[in-house]
Amino acid sequence: PDFLQTEAAIWEQTFKRYKQPYIAVLVGGKTRVRNMRVQDAVELAQRINEFASPLRASVFITASGRTPPEAIKALESELRVPAYVHDNKSRANPYY
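Nothing here was measured: the structure is a model prediction, and the numbers come from that model. For every chain, the first residue of the written sequence is number 1, and numbering continues from 1 along that sequence. Where totals are concerned, whole chains, interfaces and linings use all residues; where local detail is concerned, this predicted model gives features only for residues with pLDDT of at least 70, and gives and counts side-chain atom pairs only at 80 or more. Water and hydrogen atoms were dropped before computing side-chain values, which therefore reflect all heavy atoms in the structure.

1. Some points on the environment of Glu12
Per the convention used, a helix needs a DSSP run of H or I reaching at least four residues, while a strand needs a run of E reaching at least two, with both numbered from the N terminus. With respect to the helices and strands, Glu12 occurs in helix α1 (residues 2-15). Partly exposed describes any residue whose relative accessible area lies between the buried limit of under 20% and the exposed limit of over 50%, with all areas from a 1.4 Å probe on protein chains only and scaled to the type maximum. Take Glu12: its relative accessible area is 49%, and that puts it in the partly exposed class. Separated by 49 residues in the primary sequence, Glu12 and Ile61 have C-alpha atoms spaced 17 Å apart.

2. A look at the pairing of strand β3 (residues 83-86)
For a regular strand, side-chain orientation follows a simple rule: the groups alternate between the two sheet faces. For two strands to pair, DSSP has to find at least two bridges joining them. Pairing between strand β2 (residues 58-63) and β3: 4 bridges, direction parallel. By the bridge assignment, Thr62 is partnered in β3 with His86. Crossover β2 to β3 through helix α3 (residues 69-78) is right-handed. Whether a crossover is right-handed depends on one test, that the path from the first strand over the helix to the second runs clockwise when the strands point away from the viewer.

3. Quick look at the pattern of salt bridges
Salt-bridge detection follows one rule: a side-chain nitrogen of Lys or Arg within 4 Å of a carboxyl oxygen of Asp or Glu. As enumerated under the stated definition, the model contains 2 salt bridges in all. Close ionic contact of Asp40 with Arg34 constitutes a salt bridge, the shortest N to O distance being 3.4 Å. The class for Asp40 is buried, based on a relative accessible area of 10%. Arg34 gets classed as exposed once you look at its relative accessible area, which sits at 53%.

4. Points about the layout of surface pockets
Taking a probe equal in size to a water molecule and rolling it over the atoms shows the remaining empty space. With a 1 Å grid spanning the protein atoms alone, the term cavity applies to any set of points in which a 1.4 Å probe fits but cannot get out, the term pocket to an open set with protein on both sides within 12 Å along at least five of seven lines, and the term lining residue to any residue with an atom within 4 Å of a point. Grid points are joined across faces, edges and corners, and a volume is the space filled by probe spheres set on the points. If you add up the space inside the largest pocket, you get close to 230 Å³. Forming the boundary of the largest pocket are Leu26, Val27, Gly28, Gly29, Arg34, Asn35, Met36, Asp40, Glu43, Leu44 and Arg47. Elements represented by at least two residues in the lining of the largest pocket include exactly β1 (22-27) and α2 (38-52). Its residues assigned to classes, the lining of the largest pocket comprises 4 nonpolar, 3 polar and 4 charged. Residues are grouped as follows: Ala, Val, Leu, Ile, Met, Phe, Trp, Tyr, Cys and Pro are nonpolar; Asp, Glu, Lys and Arg are charged; every other residue, Gly included, is polar.

5. Focus on unusual backbone geometry
Across the junction of Gln20 and Pro21, the peptide omega takes the value 0 degrees, indicating a cis bond. In the Ramachandran plot, Arg56 falls in the positive-phi region, its phi being about 55 degrees despite a non-glycine side chain. Within the secondary structure, Arg56 sits in the loop between α2 and β2.

Remember, this is a structural readout, not a statement about activity or role.
Here it is in C-alpha cells:
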C-alpha cells in the first residue's frame, strides 16, 4: 500500500493535465500470423482521433512489449487528441 501511494503521488503530476472522459487503448504487436506495421499504427491513430475528438476525451495508450518501436512512433506522431502513450520499454510504468 505505501508503494502504491508513493507511485500515485509521482504519477499524479503527469496525469492531472488530462481531462475526462478517458479512453484506454491497448496496442498489440507481432504474432505468428500478423505484424503491427507502421501503416497499421497510422490507421489506429486516425481512428482514435475520430472517436476521441468529438468527445473531447483524453486517451491513455499502452503498447505491448511486442509493438515495434517504429509503430509506436508513428502512432504518437499521428495523434491529434490529448494522449499519454506508454511504450512498455523506455518509461517508468504508471500501471502498478
